[in-house]
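# Geometric and topological summary
The primary structure of each chain is shown beneath.
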Amino acid sequence: MTSKSDERHFELSINGNRHRVTDSYPGESLLTVLRDRLGLTGSKGACEEGECGSCSVLLDGNLVCSCLVLAASVTNCSVVTVEGLGGSTDVQTAFVESGAIQCGFCSPGLIMAATNLLERTPEPTVDEIREGLAGNLCRCTGYGRIIDAVQVVVQQRKNGRS
Amino acid sequence: MPVAHPRSIGELTELLDEESHTVLLAGGTDFMVGLNHGSTRLAPDDLIVDLRLVAELSTVEVDYQQQVLRLGAGVRWDDLLTAPIAEIAPCLSQAARTVGSHQIRTAGTIGGNLATASPAGDGVCALVALDATLVLTSSRGQRTVAVSEFAIAPKKNVLERDEFIERVDIPITEGWQGYSKIGTRNAMVISVAGVAVVLSSESNTCRIALGSVGPTVILSTEASQFAGTTINWEIASITSADLETVVEMTRASATPIDDHRSTAAYRKHAVGVLTKRLIEQGLTTLRKSL
Ligand SMILES: Cc1cc2nc3c(=O)[nH]c(=O)nc-3n(C[C@H](O)[C@H](O)[C@H](O)COP(=O)(O)OP(=O)(O)OC[C@H]3O[C@@H](n4cnc5c(N)ncnc54)[C@H](O)[C@@H]3O)c2cc1C
Ligand code: FES
Ligand code: FES
């Protein structure tokens, strides 16, 4: 039967935990709920129109812009935010060590995008990295070091396996 | 203002019949932008109908007997990039590859692209050239509408209040097809001009569709017919004078405007260049397989 969820009071599954959301206003995005209702401020917001990628999260394993997800519609999905990665995955460490982070505003989104890219394509070419990360804007780094960071992870994982 | 999650076409049809204030939500990539920026507003008695769990809407069916590829409206851009769609309808795959970013392609659907009725819809342009048909469903039954007749103005389509796009039927044809678009960068752009060309070597016909050069995607009928009759299909060739006429006819069918993305003059120029390139590329490929 068609199930219905309440727009204002609902539960979300985020990073493996159930979170109760109360008094959400109608039409609120997942990004707003994460940041303003649940205090999970890792995901950033800049454009709220899908252009910058700073709000990227995984929704049932798929990379999406949380600003384009209606929060009340994903009560039956699993959400992973940058907080869910912990703080020291190989991707996160490579970003820090490669100088891929300057102001850091774009980093949570880029780290989610890079993590997801390497799951889909474990050994991407430079073009595949550029295409995979095209939905994430960075005002500071000029992207070169971000691409370096992804390549460092690829190399480390290859070395680790051999 | 709750959110309903129907799980089948039956449940969806019933819901749209019973409730009078419904708003359909697929991938949200058009809908949420409007909501976030306030250009779309929800009324307190609106019921949001989430289409993502409607099983039939995400099906892909290849029917070689009827020579048709059936795509549920909820099929996402990302799904269009792979087999069997990439093999049967390559121009639709090429269009999908140019849409937004990976984030947009994992969420956005072909049904949403059609319903949004933007003249810049990349999927729409490919589907018009492919001569695809939509199946629109409501409690009153089903009806079919050609994709080229579905959008009637920017953001306006022929859907009734209780109707939804169930699927799109794409004829399977032999030959060559391609999609090209021009924008200000290589990724994440709404097209300044887009062209899809389908050359059917079984029926010896050509279909040219133009995006972003009119209030809706345009089927360039005269240019398509002229190309179909002047291409020498036996040797997959067209004289340069005839190709120039096709290009001029394509430009003549475009009715672009100046806006923040580009000028009308540039757009008219661009659809001609893209059409010429696509037809040349298509015929060269067809000649190799003669
Ligand atoms: C950053 C960004 C980049 C983009 N780039 C491109 C691009 O390059 N090319 C392009 O063409 N588009 C682009 N888009 C627009 C958008 O992604 C597409 O139009 C997408 O296909 C919309 O699908 P959706 O599933 O997200 O629709 P939604 O946003 O969920 O819905 C859009 C509209 O369609 C209606 N609708 C959805 N499904 C149905 C159905 N089955 N029956 C009836 N009505 C329905 C909804 O009610 C709503 O009015 C971009 C958007 C963003 C945010
Ligand atoms: S805030 Fe979501 S893409 Fe910019
Ligand atoms: S590090 Fe500042 S925006 Fe990327």
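Residues numbered from 1 in each chain as written. Chains lettered and ligands numbered in written order. Predicted model: local features only at pLDDT ≥ 70, side-chain atom pairs only at ≥ 80, totals over all residues. Heavy atoms only, no water.

Bringing the overall build of chain A into the picture now. Summing up its helical and strand segments, chain A has five helices and six strands in all. Relative to its length of 162 residues, chain A is compact, with a C-alpha radius of gyration of 16 Å against a globular reference of 15 Å. Its C-alpha atoms give chain A principal-axis dimensions of roughly 50 × 35 × 25 Å. For chain A, with 162 residues in total, the buried portion stands at 51%. (Helix = DSSP H or I, 4+ residues; strand = E, 2+ residues; numbered from the N terminus. Rg over C-alpha atoms; globule rule 2.2 N^0.38 Å. Buried < 20%, exposed > 50% of the residue type's maximum accessible area, 1.4 Å probe, protein only.)

This next bit is on empty space enclosed by the protein. Under the counting rule described, the total for this entry stands at two cavities of 30 Å³ or more. Quantified by volume, the largest cavity comes out at close to 50 Å³. Lining the largest cavity we find Ala117(B), Ser118(B), Val124(B), Val128(B), Val147(B), Ser148(B), Ala151(B), Thr216(B) and Val217(B). Roughly 30 Å³ of internal volume is contained in the second largest cavity. As for the second largest cavity, its lining consists of Val64(A), Cys65(A), Leu68(A), Val69(A), Gly27(B), Thr29(B), Gln103(B), Ile104(B) and Ala107(B). At the level of elements, strand S5 (62–65) of chain A together with helix H6 (102–107) of chain B are the ones that each hand at least two residues to the lining of the second largest cavity. (1 Å grid on protein atoms, 1.4 Å probe; cavity = no way out; pocket = protein on both sides within 12 Å on 5 of 7 lines; lining within 4 Å. Points joined across faces, edges and corners; volume = space filled by probe spheres on them.)

The next subject is the site of ligand 1. Every one of the 37 residues lining ligand 1 counts as a neighbour, but Leu24(B), Thr29(B), Asp30(B), Thr109(B) and Asp122(B) are closest to it. Near ligand 1, the surrounding residues are drawn from chains A and B. Between ligand 1 and Gly28(B) there is a distance of 2.8 Å, counted from an oxygen atom to a backbone nitrogen or oxygen. Interatomic distance of 2.6 Å between a side-chain N/O atom of Thr29(B) and an oxygen atom of ligand 1. Alone, ligand 1 offers 990 Å² of accessible surface; in the complex the protein occludes 91% of this. Residue assignment for the shell around ligand 1 shows that the elements contributing at least two residues are strand S2 (22–25), helix H2 (31–37), helix H7 (110–116) and strand S10 (164–171) of chain B. If one sorts the elements of the shell around ligand 1 by residue count, H7(B) sits on top with five residues. (Near = heavy atom within 4 Å. Polar contact = N/O pair within 3.5 Å; in protein donor to acceptor, adjacent residues only side chain to side chain. Areas by Shrake-Rupley, 256 points an atom, 1.4 Å probe, with all protein chains shown as cover.)

Here the focus is the pairing of strand S3 (residues 17–21) of chain A. All names here are of chain A. As judged from the five bridges shared by strand S2 (residues 10–14) and S3, these two strands associate in the antiparallel manner. Note that in S3 the partner of isoleucine 14 across the bridge is asparagine 17. Counting the residues that bridge the hairpin from S2 to S3 gives two residues, and of these asparagine 15 lies at a positive phi of roughly 50 degrees. (Pairing = 2+ DSSP bridges.)

Here we come to helix H8 (residues 122–129) of chain B. All names here are of chain B. Most of H8 sits out of view: eight of its eight residues are buried. Listed in full, the buried residues belonging to H8 are Asp122, Gly123, Val124, Cys125, Ala126, Leu127, Val128 and Ala129. Once H8 finishes, aspartate 131 follows within two positions and takes phi at roughly 60 degrees, a positive value.

Before going further, it helps to examine the sheet that holds strand S14 (residues 218–219) of chain B. Residue and element names in this part refer to chain B. On the basis of which strands lie adjacent, the open sheet formed by four strands has the order S11-S12-S13-S14 and antiparallel pairing. The two strands at the open ends of the sheet, each matched to only one other strand, are strand S11 (175–182) and S14. When strand S13 (residues 205–211) meets S14, the two strands line up antiparallel, connected through two bridges. The residue bridging leucine 210 from the neighbouring strand is isoleucine 218, located in S14. This element, helix H10 (residues 221–230), spans S13 and S14 of the sheet and lies at about 150 degrees to S13. Of the strands in this sheet, S11, strand S12 (193–200) and S13 are in contact with helix H12 (residues 264–288), which crosses S12 at around 30 degrees. (Contact = heavy atoms within 4.5 Å. Axes fitted to C-alpha atoms, helices over the stretch in contact; angles between N-to-C directions.)

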